[in-house]
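Residue strings, one per chain:
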Amino acid sequence: MAGFKTHVTVSSTLGIGYAAAGYLAFEMPWPSCVLAGGLCGVAGMMPDLDSASGRPIRESTAFAAAVVPLLLIDRFQHIGLETESMVLAGALIYLLIRFGAGKLLKMYAVHRGMFHSIPAALIAGMLGFMICGCTDIDARMFKGGAVFAGYMSHLMLDEIYSIDWSRGVPRLKKSFGTAIKMWGRSLSANLATYAKLFALLFIMTGDVTLLGGFDAEDHSHAQHAAHEDGQASKSDEDASDGRIRRIADRLLGRLRD
Ligand SMILES: [Zn+2]
């Protein structure tokens, strides 16, 4: 089994490559690249949150507690929270993650259970996508992808370490195949993992159609229109009015269904 340091070194190196690729090849803004690289580095310790050793839990929960509220600021603004409410919500989330998440993880996690699996990596990526609540879908995909990549780097490294080369010939250890897997031995853990995966998928598609996708599209149209007739503030206002109306219509439509 690869140790904590090896995992973090590999995922951080991957994160640097990911950030550079985002900046150079996909023309992502550099703050997004730096953030994505950092997320990738941290995601490399996430699967071992299920181990009782404590260090990954301590490090990741402290990091997540600090970073998640910052990532949510966009989202808070989107739902129209006042500055004071944002600070309050941020502080609450910090405390919940810092002191609640670790305890919860210790209660439920089984080492090399479903935390070490492909659906768990997908869940982590989707959470990254959901938390980064900006309107730009590409930027969200980029960050979610970074979490997924970091998480997968951990699983791959675990599998590589479960091959024993000490006698010159490769010999598979008992742990081989327990990191990159689609399901584990416990039926209830499998069901819980896939239930979370599908629930997140459902929430994510709703989230994108309701806020992200249309919003981003409207905004670019609005900007385009503004450039065309030179009435920037007017058309921006109209667009945001239309946007709110459309979101309200959509919500009402859902309720009626
Ligand atoms: Zn591991």
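Some remarks on the nonpolar core
Ranked by internal contacts, the top residues of the largest apolar core, which has 37 residues, are Ala36, Cys40, Ala124 and Tyr151. Sorting the residues of this core by element identifies helix H1 (4-24), helix H2 (30-43), helix H6 (118-131) and helix H7 (137-160) as the ones contributing at least two each. Residue contributions to this core peak at nine residues, all from H7. Non-local contacts of Cys40, meaning those with residues more than four positions away in its chain, are made with Ser11, Leu14, Gly15, Tyr18, Ala146, Val147, Ala149 and Gly150.

What to know about unusual backbone geometry
The phi torsion at Glu27 lies on the positive side, around 50°, for a residue other than glycine. By the secondary structure assignment, Glu27 is in the loop between H1 and H2. Among the residues examined, Glu27 registers 9 C-beta atoms within 10 Å and is labelled exposed.

A word on the environment of Leu39
You can see Leu39 is positioned in helix H2. If sequence neighbours within four positions are ignored, Leu39 has contacts with Gly128, Lys143, Ala146, Val147 and Gly150.

Description of the packing of H2 against H7
One way to put it is that H2 packs onto H7 with a least axis distance of 6 Å and a crossing angle of 25°. In terms of axis orientation, H2 runs roughly parallel to H7. Of the two possible hands of crossing, H2 and H7 adopt the one that is right-handed. Two secondary-structure elements touch here, H2 through Ser32, Leu35, Ala36, Gly37, Leu39, Cys40, Gly41, Val42 and Ala43 and H7 through Ala139, Phe142, Lys143, Ala146, Val147, Ala149, Gly150 and Tyr151.

Describing the confidence of the model for the protein
Of all residues in the protein, 79% have pLDDT values of 70 or greater, and the mean over the chain is 80. Of all secondary-structure elements in the protein, the lowest mean pLDDT belongs to helix H9 (residues 232-256), at 55, while H1 reaches the highest, 94. Contacts from residues 212-234, a stretch scored under 50 in pLDDT, to residues over four places away or in other chains number 26 contacts.

Thoughts on the environment of Asn190
As for its position among the elements, Asn190 is in helix H8 (residues 187-229). Filtering out sequence-adjacent residues up to four positions away, Asn190 remains in contact with Met114, Trp183 and Gly184.

Quick look at H1
With 21 residues, H1 should cover 30 Å at 1.5 Å per step; its first-to-last C-alpha distance of 30 Å lies within 8% of that length. Turning to H1, its buried residues are His7, Ser11, Leu14, Gly15, Tyr18, Ala19 and Gly22. Taken around the axis of H1, the buried residues stretch over an arc of 145°, which confines them to a single face. Set apart from the buried face of H1 by more than 90 degrees, the exposed residues are Lys5, Ala20 and Leu24.

Focus on the packing of H1 against H7
With their axes 9 Å apart at the nearest point, H1 and H7 run at an angle of 145° to one another. In the crossing of H1 with H7, the sense of the turn from one axis to the other is right-handed. Across the interface between the two elements, Thr6, His7, Val10, Ser11, Leu14, Gly15, Tyr18 and Gly22 from H1 touch Phe142, Ala146, Ala149, Gly150, Ser153, His154 and Leu157 from H7. Residues of the contact of H1 with H7, tallied by class, amount to seven nonpolar, eight polar and no charged.

Things to note about H7
Spanning 24 residues, H7 covers 34 Å between terminal C-alpha atoms, matching the ideal 34 Å at 1.5 Å per step. Counting buried positions along H7 gives 17 out of 24 residues, so the element sits mostly inside the fold.

Some thoughts on the environment of Gly17
One can find Gly17 in helix H1. Take Gly17: there are 13 C-beta atoms within 10 Å of it, and that puts it in the partly exposed class. Between the C-alpha atoms of Gly17 and Cys33, which are 16 residues apart in sequence, the distance is 10.0 Å.

Scoring rules and cut-offs
Residues numbered from 1 in each chain as written. Predicted model: local features only at pLDDT ≥ 70, side-chain atom pairs only at ≥ 80, totals over all residues. Core = buried A, V, L, I, M, F, W, Y, C linked by C-beta atoms within 7 Å. Buried ≥ 20, exposed ≤ 12 C-beta atoms within 10 Å, placed from the backbone. Helix = DSSP H or I, 4+ residues; strand = E, 2+ residues; numbered from the N terminus. Contact = placed C-beta atoms within 7 Å. Axes fitted to C-alpha atoms, helices over the stretch in contact; angles between N-to-C directions. Parallel < 35°, antiparallel > 145°, perpendicular 65-115°, else oblique. Left-handed = near helix turned anticlockwise from the far one by under 90°. pLDDT = per-residue confidence, 0-100. Expected span 1.5 Å × (residues − 1). Arc of directions from axis to C-beta. Nonpolar A, V, L, I, M, F, W, Y, C, P; charged D, E, K, R; others polar.

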